[in-house]
Amino acid sequence: MRKWTILKAAVAGLAFYGAMATASYAADIVGLITKTEGNPFFVKMREGAQAKAKELGLTLQTFAGKFDGDNDSQVAAIENLISAGAKGFAIVPSDSSAIVPTIKKARDAGLLVIVLDTPLDPIDAADATFATDNFKAGELIGEWAKGTLGDKASSAKIAFLDLATNQPTVDYLRDQGFMKGFGIDIKDPKKYGDEDDARICGHEMTGGAEDGGRTAMETLLQKCPDVSVMYTINEPAAAGGYQALKAAGKDDGSVLVVSIDGGCPGVKNVAAGVIGATSQQYPLKMAAMAMEAIEKFAKTGEKPKPTPGKEFFDTGATLITDKPVNGVESIDSKKGAELCWG
Amino acid sequence: MSDDATGSVSAERGLHGSDQSVASFDEDRGSVLKSIQRFLHEYPTAIPFIVLVIGILIFSVAAGGRFFAPFNLSLVLQQVTIIAFLGIAQTLVILTAGIDLSVGAMMVLSSIVMGRLTVTYGVPVELSFVLGLLTGLVCGLINGVLVAVIKLPPFIVTLGTWSVYGAMVIYVSHSETVRAQDIEAAGPLLQWLGHTIRLGGGAVLTYGAIAMILTALIIWYVLNRTAFGRHVYATGDDDEAARLAGINTRGVFIAVYTLAGFICAVAAWALIGRIGAASPLGNQTANLDAITAVVIGGTSLFGGRGSIVGTLFGALIVGVFRNGLALAGVDSLWQEFTVGILIILAVTIDQWIRKISA
């Protein structure tokens, strides 16, 4: 019996301590879950969230998967946040469908879930989505390439340096956006590779990195030695592809290079003439806005609303180029460098 | 050799103990297969060489003139340079019946150390180059000590150091790429292996590819013409027997893992030459690609049998199939598919060849 009394006293003591802790450090817990640690885009996102959480007096817990596509780690992170009593969290899903049941669990537990960058499938499985309009980002560079080529656009040869064979949302949205902007019939907008436009030289995968970009472009140069446009999923792939162009003696401006991301190394490459134009996105802003939204929800219960006419809140994409084209809004690399990340 | 002798003795015994005609039929069929088996046992590079030649023939027809052009064939060599480098390192380790899952991470870490010290911290390029090479060497030494002295299974050790070195990549690089133009300005030495020599017919060789072939030749010489090389094979075949025969197997293990780490650092140099930049993002599965090259190249995952030349062919086979299928207009999905089939075939053949000594 005495044992039980001691145990009860201990439990009561712990409960009291817990109550005291909550009362004196009443900071709300929020979470940020990114795909990986090893990508500057997510590093910037974390920095943006940390700064904003500090400003708002929130306690931020951050998590990341081990690799792009690591769903398990993200599931565990969400479970940890639920049991920690978080008010809500922002997540960049590694697998936009597989994470949905766990997100439902969190929302049922009363947490506000904001998805960043990569929309869920279905998109309304989250309370809100803050993202770059990747299709629009692709469209901007497509329009720019078309405008820059002028009459030659009809006889262009385009090499596509894509992300991965499984065509994640961001991959097909950017690719198909570019095609639309360039004036290619995209058929099914949810996948690339089904087009029959003769201007398409081919699609090769890069993994979104330099080494993949170089190998992919070498292969496409073999297929189409007369290539005139190089579309790239992101700026590391563009930098790798450029090395292949350089090795083939095609770094003289005869091949237009377009990309998406707007990271600082990428913007520098625009200034250096390696990349003709890139669409810039804003990870710091996405994360900061998510922190604000969760704080507002914790205080008032109000949920963020999407951009009118869209299923998500568009955090914007801006075309960066030093050779502007009439009718396509853009800023130069100097201005881009002020806004860049990574 | 002694295994072969036992095999033929038991085959003869079987012959005496059974019906003569049936036995002679079995003997005939068996002897043809057995002699193929024995031939492959003696020349582990034969299969990868034959597959490589067949692959080149197939794609010369299927992908047309563009594939067989001297430039394209030399391009394949350029494209497999990095994986072949890691494959050479991996072969050494696998010959000792081990495995090194950390080769890709050691390479990326060494390249980040070279690039970041030079560009971000303004260290003289010669010094950061040496420190980069030392990084690979020390990483390899750590693997070797954990395997040989603390006697942990190589798979577990390098699974752990893969994570550790990978985390160091993120820590040292801050997840940022060191741009090609910055390296060109601050330390052109780091891109030196990216320079090219033009040969007749449009073929282009990079210094990196030449360095890779030289490395392969050196390691081939070490494995086949030095006592240390024979110790590596002996340790891989049966480390207990090797130890009893007076071989310092602990020293062999440490030397092999350290050498592998150093080769990865040289691969890092070639990697900067190839992509211009020092990137923390890429080559995340380079360790698996290296194992693929080793396995397709006919080196046994069970140790003691295989060759560097085979690994070179193994890397080239993967490169030829990827390039050939892409030029023939085949989706990259089916390129992966084909490489998978090649791996399974290679291991099947390995198992079959091993039966001769069973």
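Refer to the structure above for everything that follows.
The rules behind these values
- Residues numbered from 1 in each chain as written.
- Chains lettered and ligands numbered in written order.
- Predicted model: local features only at pLDDT ≥ 70, side-chain atom pairs only at ≥ 80, totals over all residues.
- Heavy atoms only, no water.
- Helix = DSSP H or I, 4+ residues; strand = E, 2+ residues; numbered from the N terminus.
- Contact = heavy atoms within 4.5 Å.
- Areas by Shrake-Rupley, 256 points an atom, 1.4 Å probe, with all protein chains shown as cover.
- Lys, Arg positive; Asp, Glu negative; His and termini not counted.
- Charge placed at Lys NZ, Arg CZ, Asp CG, Glu CD.
- Expected span 1.5 Å × (residues − 1).
- Buried < 20%, exposed > 50% of the residue type's maximum accessible area, 1.4 Å probe, protein only.
- Axes fitted to C-alpha atoms, helices over the stretch in contact; angles between N-to-C directions.
- Parallel < 35°, antiparallel > 145°, perpendicular 65-115°, else oblique.
- Nonpolar A, V, L, I, M, F, W, Y, C, P; charged D, E, K, R; others polar.
- Pairing = 2+ DSSP bridges.
- Right-handed = clockwise from strand over helix to strand, strands pointing away.
- Buried area = accessible area lost by both parts, 1.4 Å probe.
- Salt bridge = Lys/Arg side-chain N within 4 Å of Asp/Glu carboxyl O.
- Polar contact = N/O pair within 3.5 Å; in protein donor to acceptor, adjacent residues only side chain to side chain.

Novice: Please clarify how the overall build of chain A should be interpreted in this entry.
Specialist: The helix and strand tally for chain A stands at 11 helices and 12 strands. Expressed along its principal axes, the backbone C-alpha trace of chain A runs to roughly 90 × 35 × 35 Å. Pairs at least 24 apart in sequence give 69% of the contacts found in chain A among residues at least 6 apart. Summed over its atoms, the accessible surface of chain A is roughly 14700 Å², and 55% of this surface lies on carbon and sulfur atoms. In chain A, which carries 37 positive and 45 negative side-chain charges, the distance between the mean positions of the two groups comes to 6 Å.

Novice: How should helix H7 (residues 210–223) of chain A be read in this particular structure?
Specialist: Residues three or four positions apart in an α-helix share a direction because the helix packs 3.6 residues into each turn. With 14 residues, H7 of chain A extends 20 Å between its outermost C-alpha atoms, agreeing within 8% with the 20 Å of an ideal straight helix rising 1.5 Å per residue. Counting buried residues in H7 of chain A gives 13 out of 14 residues, a clear majority hidden from the surface.

Novice: Quick question: what am I supposed to make of the environment of Gly-282 of chain B here?
Specialist: Looking at the secondary structure, you find Gly-282 of chain B in the loop between helix H13 (249–275) and helix H14 (286–296). Each C-alpha atom, one on Gly-282 of chain B and one on Gly-104 of chain B, is 9.6 Å from the other, the two residues being 178 residues apart in sequence.

Novice: Please clarify how the packing of helix H5 (residues 70–95) of chain B against H13 of chain B should be interpreted in this entry.
Specialist: In a packed pair of helices, the relevant descriptors are the angle between the two axes and the axis-to-axis distance. Residue and element names in this part refer to chain B. With their axes 8 Å apart at the nearest point, H5 and H13 run at an angle of 175 degrees to one another. Put simply, H5 runs roughly antiparallel to H13. Where H5 abuts H13, its residues Gln-78, Gln-79, Ile-82, Phe-85, Leu-86, Ile-88, Ala-89, Leu-92 and Val-93 lie against Val-256, Tyr-257, Leu-259, Ala-260, Ile-263, Cys-264, Val-266, Ala-267, Ala-270, Leu-271 and Arg-274. Here the residues of the contact of H5 with H13 are counted per class, giving 17 nonpolar, 2 polar and 1 charged.

Novice: Just checking my understanding: could you explain the pairing of strand S10 (residues 277–280) of chain A for this structure?
Specialist: The side chains of a regular strand alternate between the sheet's two faces. Residue and element names in this part refer to chain A. Neither face of S10 is exposed, since Ala-277 and Ser-279 on one face and Thr-278 and Gln-280 on the opposite face are all buried. Here strand S9 (residues 256–261) pairs with S10 via 4 bridges, running parallel. Among the inter-strand pairings, Ser-259 is bridged to a residue of S10, identified as Thr-278. Tracing the backbone out of S9, into helix H9 (residues 264–271) and back to the parallel element S10 gives a crossover that is right-handed. Looking at chain direction, S10 and strand S12 (residues 318–321) are connected through 4 bridges and run antiparallel. Bridge pairing in S12 links Ser-279 to Leu-319.

Novice: Can you help me understand the sheet that holds strand S2 (residues 59–64) of chain A in this one?
Specialist: Sheet strands associate in pairs through backbone hydrogen bonding, adopting either a parallel or an antiparallel arrangement. Residue and element names in this part refer to chain A. Strand order across the open sheet formed by 6 strands is S2-S1-S3-S4-S5-S11, with parallel pairing between neighbours. Edge positions in the open sheet fall to S2 and strand S11 (313–314), since each of these has one partner strand only. Relative to S2, strand S1 (residues 29–34) is paired through 6 bridges, and the arrangement is parallel. Among the inter-strand pairings, Ile-29 is bridged to a residue of S2, identified as Thr-59. Sheet contacts for helix H3 (residues 71–84): S1, S2 and strand S3 (88–91); angle to S1, the most-contacted strand, approximately 180 degrees.

Novice: Help me understand the sheet that holds S9 of chain A, please; the structure alone is not making it clear to me.
Specialist: Residues and elements named next belong to chain A. Taken in spatial order, the 6 strands make up an open sheet running S7-S6-S8-S9-S10-S12, and their pairing is mixed. This sheet does not close on itself; its edge strands, each paired only once, are strand S7 (200–205) and S12. On average, each strand axis in the sheet is tilted by 15 degrees relative to the strand beside it, whichever way the strands run.

Novice: What's the story with the interface of chain B and chain A in this structure? I'm lost.
Specialist: Much of the literature gives interface size as the accessible area that the parts lose upon coming together. Listed per partner, the contact involves 32 residues of chain B and 29 residues of chain A. Buried area between chain B and chain A, summed over both chains or domains, comes out near 2500 Å², and the portion from carbon and sulfur atoms is 51%. The three residues of chain B that bury the most area against chain A are Arg-179, Arg-274 and Leu-281 of chain B, which together make up 23% of that side's buried surface. On inspection of chain B and its partner chain A, the count reaches 2 salt bridges. Between Arg-274 of chain B and Glu-218 of chain A there is a salt bridge whose closest N-O contact spans 2.8 Å. For the pair chain B and chain A, the interface holds 14 residue pairs in polar contact (both at pLDDT 80 or more). For the side of chain B that touches chain A, the secondary-structure elements that each account for two or more residues are H5, helix H9 (180–186), H13, helix H15 (308–327) and helix H16 (332–354) of chain B. Top element by residues in the side of chain B that touches chain A is H5 of chain B. It accounts for 5 residues. Here the residues of the side of chain B that touches chain A sort into 10 nonpolar, 14 polar and 8 charged.

Novice: Can you help me understand the pairing of S9 of chain A in this one?
Specialist: Residues and elements named next belong to chain A. The element S9 is largely enclosed, with a buried count of 6 among its 6 residues. Alternating positions in S9 separate into two faces, Leu-256, Val-258 and Ile-260 on one and Val-257, Ser-259 and Asp-261 on the other, with burial throughout. Sheet analysis places strand S8 (residues 229–232) next to S9, joined by 3 bridges and oriented parallel. By the bridge assignment, Val-229 is partnered in S9 with Leu-256. On the question of chirality, the crossover connecting S8 to the parallel S9 by way of helix H8 (residues 235–247) is right-handed.

Novice: Looking at this structure, I do not really get the pattern of salt bridges. What am I missing?
Specialist: For side chains bearing opposite charge, pairing can occur when the charged atoms are close. Residues and elements named next belong to chain A. The final tally for this structure, using the stated rule, is 24 salt bridges over all chains. Salt-bridge contacts for Glu-47 lead to Lys-44; the nearest nitrogen and oxygen are separated by 3.0 Å. Of this pair, Glu-47 and Lys-44 both sit in helix H2 (residues 40–56), 3 residues apart, which is roughly one turn of that helix. Overall, the relative accessible area of 36% leaves Glu-47 in the partly exposed class. Relative accessible area serves as the criterion here: at 18%, Lys-44 is assigned to the buried category. Through salt bridges with shared partners, a single ionic network connects Lys-52, Glu-55 and Glu-292.

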